[in-house]
Amino acid sequence: MVAPELIKAAQSGDRDALITLLREIENHVYRTAYYILGNEQDAMDAAQEALIRIYTKINSYEEKAQFKTWVQRIVTNLCIDKFRRSKPTVSIEQHDMNFTAGFTVEDEVMNGYIAQDIREAIDKLPEHHRSVVVLRYLQDFSYNEIAESLDLPINTVKSYLFRARAQLQTLLKDYKKPRSDAIHG
């Protein structure tokens, strides 16, 4: 994720290194916040707050943990706090679609519907299940990294993922059968 030299330079007071470091992680921080909170504005607020916290606490980072795990813990904890303070909302904003070579317009539209349904299903999970799903499947964290980020025993992480997958399977059961009727009416 980030070069260790950049982290050390930022910790030693190099302002340019710290700014570079924050720029390198800002998309990752926002993406995590968005998937946990499910709302663009809340995610932007949480990401900004996380970056400020990283900026002010960079000297507390110790190499015992991976930097991305340390950052992830900050972001996840802020999002969980924000989620607890307010009810989650589902963003209904339409995002630009990027058309990929080899796919038809119908494929892209279906993929957009599927992605939105998956996001909505993830939003319906309890916050502790949503956090492990986001870290595992959207941020590609290992079980150990998730356990470290959320300060949970590894068996609890596995249990949460198992339950979350079962819940998602139930919520998304309609995708087991073809959904061509969604486009063709």
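Preceding this paragraph is the structure being described.
Residues numbered from 1 in each chain as written. Predicted model: local features only at pLDDT ≥ 70, side-chain atom pairs only at ≥ 80, totals over all residues. Heavy atoms only, no water.

**Student:** Give a detailed account of the packing of helix H7 (residues 143–150) against helix H8 (residues 154–171), specifying residues and quantitative values.
**Tutor:** Following both chains from N to C, one finds H7 and H8 inclined at 105°, their axes separated by 9 Å at the closest point. The angle between H7 and H8 falls in the class roughly perpendicular. Contact with H7, carried on its side by Tyr 143, Asn 144, Ile 146 and Ala 147, involves Ile 154, Val 157, Lys 158, Leu 161 and Arg 165 of H8 and no other residues of that element. In terms of residue class, the contact of H7 with H8 is built from six nonpolar, one polar and two charged. (Axes fitted to C-alpha atoms, helices over the stretch in contact; angles between N-to-C directions. Helix = DSSP H or I, 4+ residues; strand = E, 2+ residues; numbered from the N terminus. Parallel < 35°, antiparallel > 145°, perpendicular 65-115°, else oblique. Contact = heavy atoms within 4.5 Å. Nonpolar A, V, L, I, M, F, W, Y, C, P; charged D, E, K, R; others polar.)

**Student:** Could you give me a rundown of the pattern of salt bridges, with the residues and numbers involved?
**Tutor:** Summed over all chains, the structure comprises three salt bridges. Of the charged contacts in the structure, one is a salt bridge between Lys 8 and Glu 63, with a shortest N-O distance of 3.1 Å. One end of the pair, Lys 8, is in helix H1 (residues 4–11); the other, Glu 63, is in the loop between helix H3 (40–57) and helix H4 (67–85), with 55 residues separating them in the sequence. A residue is classified by how much of its surface remains accessible, and Lys 8, at 44% relative accessible area, is partly exposed. A relative accessible area of 58% places Glu 63 in the exposed class. With a closest N to O distance of 3.9 Å, Glu 49 and Arg 53 form a salt bridge. (Salt bridge = Lys/Arg side-chain N within 4 Å of Asp/Glu carboxyl O. Buried < 20%, exposed > 50% of the residue type's maximum accessible area, 1.4 Å probe, protein only.)

**Student:** Which residues make up H3, and what values do they have?
**Tutor:** Working note: α-helix, 3.6 residues per turn, so residues spaced by three or four point in the same direction. In a regular helix each residue adds 1.5 Å, so 18 residues correspond to 26 Å; H3 covers 25 Å between its end C-alpha atoms and thus fits that length. Of the residues making up H3, those classed as buried are Ala 43, Ala 46, Ala 47, Ala 50, Leu 51 and Ile 54. In an axial view of H3, the angular spread of the buried residues amounts to 140°, which keeps them on one side of the axis. Of the residues that open H3, the one with a side-chain oxygen 2.9 Å from the backbone nitrogen of Gln 41 is Asn 39. (Expected span 1.5 Å × (residues − 1). Arc of directions from axis to C-beta. Polar contact = N/O pair within 3.5 Å; in protein donor to acceptor, adjacent residues only side chain to side chain.)

**Student:** Describe the packing of H1 against helix H2 (residues 15–37), and please don't skip the residues or the numbers.
**Tutor:** Contact geometry of H1 with H2 gives a least axis separation of 8 Å together with a crossing angle of 130°. The angle between the axes of H1 and H2 places the two elements in the oblique class. As H1 runs across H2, the sense of the crossing is left-handed. Taking contact as the criterion, the partners of Leu 6, Ile 7, Ala 9 and Ala 10 in H1 are, on H2, Ala 17, Leu 18, Thr 20, Leu 21 and Glu 24. Classifying every residue of the contact of H1 with H2 gives seven nonpolar, one polar and one charged. (Left-handed = near helix turned anticlockwise from the far one by under 90°.)

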